[in-house]
Amino acid sequence: MNLEELKNMGSTDRMIRIVVGLGLIALVFVGPQTPWGWLGLIPLASALMSWCPAYTLLNIRTDDKES
């Protein structure tokens with residue numbers, strides 16, 4: 001199995017995760033300055049890899065590939 005076969009996330013889903021991830025990480029530096037903002041690394045990393053482990057478990061695909 002190659003890396004292309006693992007991808008299960010479409011471009012809209014990826015963009016939303018990038019914005020949410022960066023927004024959460026920004027909480028570490030501005031606003032309430034809470035360390036909980038580091039949780040933004042999770043959606044950011046999954047968006048950069050185009051792969052979501054939860055989607056794999058639930059058999060969900062948001063990309064335009066045929067299943």
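Residues numbered from 1 in each chain as written. Predicted model: local features only at pLDDT ≥ 70, side-chain atom pairs only at ≥ 80, totals over all residues. Heavy atoms only, no water.

Bringing the environment of Ile60 into the picture now. In this fold, Ile60 is placed in the segment after helix 4 (53-58). Sequence separation between Ile60 and Asn8 is 52 residues, and the spatial gap between their C-alpha atoms is 7.4 Å. Sequence-distant contacts of Ile60, defined by excluding residues within four places in its chain, comprise Asn8 and Tyr55. (Helix = DSSP H or I, 4+ residues; strand = E, 2+ residues; numbered from the N terminus. Contact = heavy atoms within 4.5 Å.)

Before going further, it helps to spend a moment on the side chain of Ser46. Relative to the helices and strands, Ser46 is located in helix 3 (residues 41-49). Within the structure, Ser46 has its side chain in polar contact with the side chain of Arg17 (distance 3.0 Å). Those residues in contact with Ser46, other than ones at most four positions away along the chain, are Met9, Arg17 and Trp51. (Polar contact = N/O pair within 3.5 Å; in protein donor to acceptor, adjacent residues only side chain to side chain.)

Next up on the list: the packing of aromatic side chains. Under the definition given, this model contains one aromatic pair. On the basis of an interplanar angle of 85 degrees and a centroid distance of 5.9 Å, the ring pair of Phe29 and Trp38 is categorised as edge-to-face. For Phe29, a relative accessible area of 54% gives the class exposed. Judged by relative accessible area, Trp38 falls into the partly exposed class, the value being 41%. Above the plane of the ring of Tyr55 lies Arg17, whose end atom (NZ or CZ) is 5.1 Å from the centre. (Phe/Tyr/Trp six-rings, centres within 6.5 Å; stacked < 30°, edge-to-face > 60°. Buried < 20%, exposed > 50% of the residue type's maximum accessible area, 1.4 Å probe, protein only. Lys NZ or Arg CZ within 6 Å of the ring centre and 35° of its normal.)

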